[in-house]
Amino acid sequence: RTVDVTPPSITCPANVTLGCNATVPAADITTVTASDACGSPTISFVGDVVNTVGCTETTTRTYRAVDACGNSAPCSQTITRTVDVTPPSITCPANVTLGCNATVPAADITTVTATDACGTPTVSFVNDVVNTVGCTETTTRTYRAVDACGNSATCSQLITRTVDVTPPSITCPANVTLGCNATVPAADIT
């Protein structure tokens, strides 16, 4: 009779870290190696246990090798990935109204607040869109925040100013010729 109480030897694939929102590959018993002193063991996929903490998802994948006498041994592979489909939160500076012909300040990303559940997002200036109606100029300034997984959000600040470099039009009263020793009338802005 065959006496075998020694479990087979089994080696799982190496642990792997995937990118943001990457697809976890399917289990594949051909990536597992197993040997036994009494013949070739049978390899099977046992299951995946998924654990998520914050934005990090860890899949513990377990395989098992069983020899002809029923002795078995497991091995596990850890697959880690970042799961983040939520855009960051972004807040622009408050809207501002400037004085006449004031200079619109340059864009400043340090005045923008951005947060993300999965790290610190990157803030960038997108553009200024200027619109003028009459003497009122409105600048819509847009900023963008992008997180490590490429999710993004934008916000806009409104900057208003009066632009007027044209002097007013004025018409004086008609010239008047007064008689001798006549009293010059007082100035009358009406």
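None of these values were measured; they are calculated from a predicted model.

Criteria and thresholds
Residues numbered from 1 in each chain as written. Predicted model: local features only at pLDDT ≥ 70, side-chain atom pairs only at ≥ 80, totals over all residues. Heavy atoms only, no water. pLDDT = per-residue confidence, 0-100. Helix = DSSP H or I, 4+ residues; strand = E, 2+ residues; numbered from the N terminus. Core = buried A, V, L, I, M, F, W, Y, C linked by side-chain atoms within 4.5 Å. Buried < 20%, exposed > 50% of the residue type's maximum accessible area, 1.4 Å probe, protein only. Contact = heavy atoms within 4.5 Å. Pairing = 2+ DSSP bridges. Axes fitted to C-alpha atoms, helices over the stretch in contact; angles between N-to-C directions.

## Concerning the confidence of the model for the protein chain
Of the residues in the protein chain, 99% have a pLDDT of 70 or more, and the chain-wide mean is 94. By mean pLDDT, strand 2 (residues 16-20) is the weakest element of the protein chain at 94, and strand 7 (residues 89-91) is the strongest at 98.

## Digging into the nonpolar core
If you look at the biggest cluster of nonpolar residues, it comprises nine residues: I90, C92, V112, A114, V123, Y143, A145, A153 and C155. Secondary-structure elements contributing two or more residues to this core are strand 11 (136-146) and strand 12 (152-162). When residues no more than four places from it in sequence are discounted, the contact partners of V123 are I109, V112, A114, R144 and A145. If you look at the next biggest cluster of nonpolar residues, it comprises eight residues, including I10, Y63, A73 and C75.

## Here's the deal with the sheet that holds strand 6 (residues 72-82)
In a beta sheet, neighbouring strands pair by backbone hydrogen bonds and run either parallel or antiparallel. Strand order across the open sheet formed by four strands is 2-6-5-4, with mixed pairing between neighbours. The open sheet is flanked by strand 2 and strand 4 (42-53), the only strands paired with a single partner. Here the strands of the sheet are splayed against their neighbours by 20 degrees on average, with no regard to which way each runs. Examined bridge by bridge, strand 2 and strand 6 share three bridges and lie parallel to one another. When the sheet's bridge partners are listed, T17 is paired in strand 6 with T80.

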